[in-house]
Structures are given as structure tokens and as C-alpha cells.
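Residues per chain, in single letters:
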Amino acid sequence: MTDPKIIVALDYQTSDEALEFVKKVTPEKCRLKVGNELFTAAGPELVRTLCEKGFGVFLDLKFHDIPNTVAQACRSAARLGVWLMNVHASGGEVMMRAAAAALAEFPSRPLLIGVTVLTSMDEAQLAGIGMEVSPLDQVKRLAALASRSGLDGVVCSAREVQAVKAAAGKDFLCVTPGIRPQWAAAGDQKRIMTPEAAIKEGSDYLVIGRPVTRADDPLKALEMIETEISAAQK
Ligand code: C5P
């Protein structure tokens, strides 16, 4: 089976818009991320449809609740057939262990990753919620905790990959958004990295939205990014 490194963020408001885009790409070229915006509008039916079309689906719902509730939510997601899903690592070890144990019941279980510190949180925002710690130290701490709790990896900035792998091990997956090929507009992303640089930093999967979803020819955009990734892997 192919293992595409690109996860396209399906940031659309409706199922129809998402499916219109999906017609233009193939499961061999990319995986698909369904986040809170699309899931809240289109629901599990769309996720099931994407899985049935053969796409690896990253269900990006960032669960954060008591251990039993998160474990049950993980089971519901696994039944949809998703490839990857996530929980907030700040939900703590017991919650993460419950999530990992729930998924272990499935014969071909989804991968489970943690959200460490949201990139919208800076040092001042962390202090505001009572956490006197630098974002990077908190990322390292939560990555190590996620690894000990049985998670497969984290979502992080490509700039944090080396620190995360040092804290949690080289096989611990790093899924990185904030990726911009040189030919694409940055949009609202501030701390960006090219696909080539992100792969060289050790990113395992790249979350890419607008450079592909807004391209005139999404398949061509994917192929250009793929070429860049292959060059970086040599
Ligand atoms: O269009 P773009 O490539 O900026 O999309 C990036 C995707 O990754 C969006 O779905 C965004 O919500 C998500 N994301 C991010 N930064 C994070 C976590 C998730 O950009 N720290």
C-alpha cells in the first residue's frame, strides 16, 4: 500500500464542496483531514464516504474530556474507519491511556496522536491559564507524556520536530501543519516551512490545505509537492 505523506486539510463548510474537491484527487496521492468545521456541518456520513472511497482519513476533532467519554468517542471514530485521529495531550495520562486502550480493541486500529500546545497559544496565553512555562518546554513535556501513555505521535510545528523526537523517540510520529511550497501564498500562516524543509526536519506527514485545495489543478499541485518531498528524502 502506498503511504502518501501529504494530508490535505478539507476546510470546507459543506459536504458538497468537500466532495467536489475530492473528485480531483486520489487516495494514492494524498490523505484527507476532516476537522471541526467540516465535521460539525457534514457529520460522520461524510467521513464514512471518504473512507469508503479508499482515502486515509485524519479525523481532527481534538478530543478533550474525561477518560471514559474520550475512550467512547475514539471507539466511535474507529468504527467510521479513519486512519488517524487525535486527542489533547493536556487531557492527561489517564485520558490518553484510556483512548489508546479503546483503539487497541480494533483489529486494524487508527493511529492516535496528541495535540500538545496549540500554535495560537504563546507564552502570555499559557501564563493566562496558569501555566508558567515556555511553549516549547510544554510541547516537549506533553510529547514525552503522550509517548509514555501509548500514543503514536503528535501534531506539531515542523520547527518542533527535532525537539519532539529527542523527547519522545525517533519513531514517534510528527504530523506538521503550516506548510507552504515556495510557489504558494502564505495566507494567514505565519511560521511556515516548505515541504522539503519539513521533511528534512524529520516530519512524518505534512498537513497542507489551501496550497492544494485552492490550486487551479489540485492534482498538479500535489505532484509538485510530491516531487519536492522525494527530493528531500534522498
Ligand atoms: O490551508 P492551510 O495549509 O493553512 O491549512 C492548515 C490546516 O492545518 C488547517 O486545517 C489548520 O486548521 C490546521 N492546523 C494548523 N496549525 C496548527 C494545527 C492545525 O494550521 N497548529
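Structural data are supplied above this passage.
Residues numbered from 1 in each chain as written. Predicted model: local features only at pLDDT ≥ 70, side-chain atom pairs only at ≥ 80, totals over all residues. Heavy atoms only, no water.

Turning our attention to the overall build of the chain. Secondary structure summary: the chain contains 10 helices and eight strands in total. The C-alpha radius of gyration computed for the chain amounts to 17 Å, which stays within 12% of the reference 17 Å derived for 234 residues, consistent with globular compactness. For the chain, the C-alpha atoms occupy an extent of roughly 45 × 35 × 35 Å along the three principal directions. With 234 residues in all, the chain has 50% of them scored as buried. Once local pairs closer than 6 in sequence are excluded, the contacts in the chain between residues at least 24 apart make up 67%. Here the chain has roughly 11,200 Å² of accessible surface; of this, 50% comes from carbon and sulfur atoms. (Helix = DSSP H or I, 4+ residues; strand = E, 2+ residues; numbered from the N terminus. Rg over C-alpha atoms; globule rule 2.2 N^0.38 Å. Buried < 20%, exposed > 50% of the residue type's maximum accessible area, 1.4 Å probe, protein only. Contact = heavy atoms within 4.5 Å. Areas by Shrake-Rupley, 256 points an atom, 1.4 Å probe, with all protein chains shown as cover.)

One finds Leu10, Phe21, Leu32, Val82, Met85 and Val87 to be the most contacted residues of the largest nonpolar core, which totals 66 residues. Looking at this core element by element, the count peaks at six residues for helix 2 (residues 36–52). In this view, Phe21 contacts Val8, Leu10, Tyr12, Leu32, Val212, Thr213 and Pro218; residues no more than four positions away in its chain are not counted. (Core = buried A, V, L, I, M, F, W, Y, C linked by side-chain atoms within 4.5 Å.)

A separate point is the pairing of strand 4 (residues 84–88). Most of strand 4 is tucked away: five of the five residues are buried. Neither face of strand 4 is open: one carries Leu84, Asn86 and His88, the other Met85 and Val87, and all of them are buried. Taken together, strand 3 (residues 57–63), helix 3 (residues 67–80) and strand 4 form a β-α-β motif whose crossover is right-handed. Relative to strand 5 (residues 111–115), strand 4 is paired through five bridges, and the arrangement is parallel. From the neighbouring strand, His88 faces strand 5, where its bridge partner is Val115. Between strand 4 and its parallel partner strand 5, the chain crosses via helix 4 (residues 93–104), and the hand of that crossover is right-handed. (Right-handed = clockwise from strand over helix to strand, strands pointing away. Pairing = 2+ DSSP bridges.)

Near the ligand the following residues occur: Ala9, Asp11, Lys33, Thr119, Pro177, Arg180, Gln189, Val207, Ile208, Gly209, Arg210 and Pro211. Note that an oxygen atom of the ligand is positioned 3.0 Å from one of the side-chain N or O atoms of Lys33. In the model, an oxygen atom of the ligand is placed 2.8 Å from a nitrogen or oxygen of the Gly209 main chain. Across the complex, the protein chains shield 78% of the 470 Å² of accessible surface that the ligand would expose by itself. Residue assignment for the shell around the ligand shows that the elements contributing at least two residues are strand 8 (205–208) and helix 9 (210–213). The residue makeup of the shell around the ligand, split by class, is five nonpolar, three polar and four charged. (Near = heavy atom within 4 Å. Polar contact = N/O pair within 3.5 Å; in protein donor to acceptor, adjacent residues only side chain to side chain. Nonpolar A, V, L, I, M, F, W, Y, C, P; charged D, E, K, R; others polar.)

Our focus in this paragraph is helix 1 (residues 15–22). By the burial criterion, the buried members of helix 1 are Ala18, Phe21 and Val22. End-on, the buried residues of helix 1 take up no more than an arc of 100°, which puts them together on one face. Buried residues in helix 1 make contact with strand 1 (6–9), strand 2 (31–35), helix 2, helix 9 and helix 10 (218–233). (Arc of directions from axis to C-beta.)

Counted according to the given criterion, the structure contains 16 salt bridges. Residue Arg31 is joined to Asp3 by a salt bridge in which the shortest nitrogen-to-oxygen separation is 2.6 Å. Of this pair, Arg31 sits in strand 2 while Asp3 sits in the segment before strand 1; the two residues are 28 residues apart in sequence, bridging distant segments of the chain. By relative accessible area, which is 5% here, Arg31 ends up buried. (Salt bridge = Lys/Arg side-chain N within 4 Å of Asp/Glu carboxyl O.)

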